[in-house]
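Close look at the chain arrangement
Now for the letters of each chain:
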Amino acid sequence: MTITKYGTAHWSGGLKDGKGEVSTQSGALEQQPYGFNTRFEGRPGTNPEELLGAAHAACFVMALSGILGGAGLTATSMEAKSAVVLEKQGESFAITSAHLTLDAEIPSATEEQFNELAQKAKAGCPVSKLFNATITLEARLRT
């Protein structure tokens, strides 16, 4: 099975004074503003790193849900965050790492089983495979 989804970006102007908008095929994001100021100066709007972080967190919990099901477990609740790190390297920038944080409530799961399955989901998530960066995971099982 092959699935193709897309996002679009529009940009006008120079790097620092320019403005852009991003949209998704589904319409979940529609002409969401982004620019130098939203990426590097904390202004309202989105940026590529937070979009990657949201995609990574969503992919990770979906992958973990499937892995849990294979182990006969179902999560009551899972909250994931992916902190994507952009660093200046010489004259350019690179995404150097992503840190996943997971807070989950999974009845009947042991701490050992939970950590093993979470690591498996981190490695197997398609978005994790996309990153050419170190990806770490901090997982907490609530009982």
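Here's what I pulled together on the structure shown here. Quantities reported herein were computed from a predicted structural model and do not represent experimental measurements.

Here we look at the pattern of salt bridges
Think of it this way: side chains of opposite charge can pair up when their charged atoms draw near. Summed over the entire model, instances satisfying the criterion amount to four salt bridges. Between Asp103 and Arg140 there is a salt bridge whose closest N-O contact spans 2.8 Å. Of this pair, Asp103 sits in strand β5 (residues 92–105) while Arg140 sits in strand β6 (residues 134–142), and the two are 37 residues apart along the sequence. Overall, the relative accessible area of 47% leaves Arg140 in the partly exposed class. Taken together, the shared-partner salt bridges connect Asp103, Glu105, Arg140 and Arg142 into one network.

Here we look at the packing of aromatic side chains
Overall, the coordinates contain three aromatic pairs when judged by the stated rule. A network of ring pairs unites the aromatic residues Phe36, Phe40 and Phe93 as a single cluster.

Comments concerning the side chain of Ser23
Topologically, Ser23 is positioned in strand β2 (residues 19–24). Separated by 2.8 Å, the side chain of Ser23 and the backbone nitrogen of Gln31 make a polar contact. Look past the residues within four positions of Ser23 in its chain and what remains in contact with it is Gly7, Thr8, Leu29, Glu30 and Gln31.

About the criteria used
Residues numbered from 1 in each chain as written. Predicted model: local features only at pLDDT ≥ 70, side-chain atom pairs only at ≥ 80, totals over all residues. Heavy atoms only, no water. Salt bridge = Lys/Arg side-chain N within 4 Å of Asp/Glu carboxyl O. Helix = DSSP H or I, 4+ residues; strand = E, 2+ residues; numbered from the N terminus. Buried < 20%, exposed > 50% of the residue type's maximum accessible area, 1.4 Å probe, protein only. Phe/Tyr/Trp six-rings, centres within 6.5 Å; stacked < 30°, edge-to-face > 60°. Polar contact = N/O pair within 3.5 Å; in protein donor to acceptor, adjacent residues only side chain to side chain. Contact = heavy atoms within 4.5 Å.

That's the geometry; what it means functionally is another story.
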